[in-house]
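# Structural overview
Spelled out from the first residue to the last, the chains are:
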Amino acid sequence: MPTTPAPKVIPVPQLSDNYAYLVVNESTGDAIAIDPAEAGPLLEAAEQAGASINTIFNTHHHLDHCGANEELGNATGAPVQASAIEGDKIPGLAVALEPGQMVDVNGFTAKVLRLPGHTDGHVGYLFGKDLFSGDVLFVAGCGRIFEGTPAEMYESLNATIGALSDDTRVWCGHEYTVKNLEFAATLEPANAAIAARLARAREQRAAGQPTIPSTIGEEKAFNPFLRVTSPELIATLVAKDPAQATDPVSVFAAVRKLKDNF
Ligand SMILES: [Fe+2]
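Here the structure is a predicted model, which is why all the values come from computation and not from measurement.

The rules behind these values
- Residues numbered from 1 in each chain as written.
- Predicted model: local features only at pLDDT ≥ 70, side-chain atom pairs only at ≥ 80, totals over all residues.
- Heavy atoms only, no water.
- Donors = N, O, S within 2.8 Å, 3.2 Å for Na, K, Ca; no water.
- Tetrahedral: all angles 85-135°; square planar, octahedral: opposite > 155°, others 65-115°.
- Helix = DSSP H or I, 4+ residues; strand = E, 2+ residues; numbered from the N terminus.
- 1 Å grid on protein atoms, 1.4 Å probe; cavity = no way out; pocket = protein on both sides within 12 Å on 5 of 7 lines; lining within 4 Å.
- Points joined across faces, edges and corners; volume = space filled by probe spheres on them.
- Nonpolar A, V, L, I, M, F, W, Y, C, P; charged D, E, K, R; others polar.
- Buried < 20%, exposed > 50% of the residue type's maximum accessible area, 1.4 Å probe, protein only.
- Pairing = 2+ DSSP bridges.
- Lys, Arg positive; Asp, Glu negative; His and termini not counted.
- Salt bridge = Lys/Arg side-chain N within 4 Å of Asp/Glu carboxyl O.
- Contact = heavy atoms within 4.5 Å.

The next point concerns the coordination of the iron ion. Coordination sphere of the iron ion, protein contribution only: H60 (NE2), H62 (ND1), H118 (NE2) and D135 (OD), at 2.2 to 2.3 Å. Considering all four donor atoms around the iron ion, the spread of angles at the metal, 86 to 175°, places the coordination shape in the irregular class. Summarised as a motif, the one-chain spacing of the donors to the iron ion is H-x1-H-x55-H-x16-D. Remark: H118 occurs in the loop between β8 (108-114) and β9 (123-127) and H60 occurs in the loop between β4 (52-57) and α2 (63-66); sequence separation between them is 58 residues.

Written as structure tokens, this is what we have:
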């Protein structure tokens, strides 16, 4: 990947627990808005930062990630860019991105990562060491599997995202961290990384702070969906169901099913 400047990332809370983001080139003030659900808070955040939104990216077609495309596009003139696989479901789509392609925007070169599982055409955007993971990877968790299979979601998380460097920052689509870690602790009660991150996340939320970003290295230490070979996690599953298959995809599917009902 060509060297590009690191962006300034500004998380912008949306709806009850969503995050949209501004990705700002500080030398020009140009900003990309990722996953707008509400235009007003993004326009306010851009103004406060002295930035102007000139591009909109979506990770997937759920309306809490693209419902404000047209309002924000009308207010700023910014064209909407999103996954070609979901092009017919994205409001106001102007540029269809092919998963795997590199996209040059505002002096940055971002890679469009294909991450099926939550939705079929879900993509992530990788700007150097900053990953915008939408509803595939959350801090200490992952999204529900709506359009794909457990095997696809496993691959998205453990092969595609798991291959990124440990210092890659994770900017995800929802503030679910405390509940995710409470669930993780039921699977690995002896995992000190889970207990420590849960304590910190509770402090952050009590102070009104977001828990993002995490890093890929941290996720590998406390996210059960990236820990499907953990002996403690597998032992917990086998204790619940002695017939539990212990290959990684079966373990992943079992963890996802337990989380669906947590
Ligand atoms: Fe979603």
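Let's shift gears to the layout of surface pockets. Space inside the largest pocket adds up to approximately 320 Å³. Contributing elements (two or more residues each) for the lining of the largest pocket: α5 (177-187) and α9 (248-260). Residue classes in the lining of the largest pocket are distributed as six nonpolar, five polar and seven charged.

What follows deals with the pairing of strand β10 (residues 130-134). Within β10, five of the five residues are buried, leaving the element largely enclosed by the surrounding structure. Across the two faces of β10 the burial is the same, with D130, F132 and G134 and L131 and S133 all buried. Note: β9 against β10, three bridges, orientation antiparallel. By the bridge assignment for β10, Y125 is matched with F132. What sits between β9 and β10 in their antiparallel hairpin is a turn of two residues, with G128 showing a positive phi close to 60°. With four bridges joining them, β10 and strand β13 (residues 169-172) adopt parallel strand pairing. When the sheet's bridge partners are listed, D130 is paired in β13 with R169.

A few words on the side chain of K259. Turning to its location among the elements, K259 is positioned in helix α9. Look at K259: it is buried, it has no salt bridge, and the nearest opposite charge is D260 at 7.0 Å. Those residues within four positions of K259 in sequence are excluded, and the remaining contacts are N180, F183 and F225.

Our focus in this paragraph is the pattern of salt bridges. If you walk through the whole model with that rule in mind, you get nine salt bridges. A salt bridge links K129 to D167; the nearest nitrogen and oxygen atoms lie 2.9 Å apart. Placement of the pair is K129 in the loop between β9 and β10 and D167 in the loop between α4 (150-161) and β13, with a sequence separation of 38 residues. Its relative accessible area of 37% is what places K129 among the partly exposed residues. A salt bridge links R227 to E188, with the shortest nitrogen-to-oxygen separation between them at 2.8 Å. Remark: E188 occurs in the loop between α5 and α6 (192-206) and R227 occurs in the loop between α7 (216-222) and α8 (231-240); sequence separation between them is 39 residues. Looking at E188, the relative accessible area reads 2%, which means it is buried. The network of salt bridges with common partners includes R144, R256 and D260.

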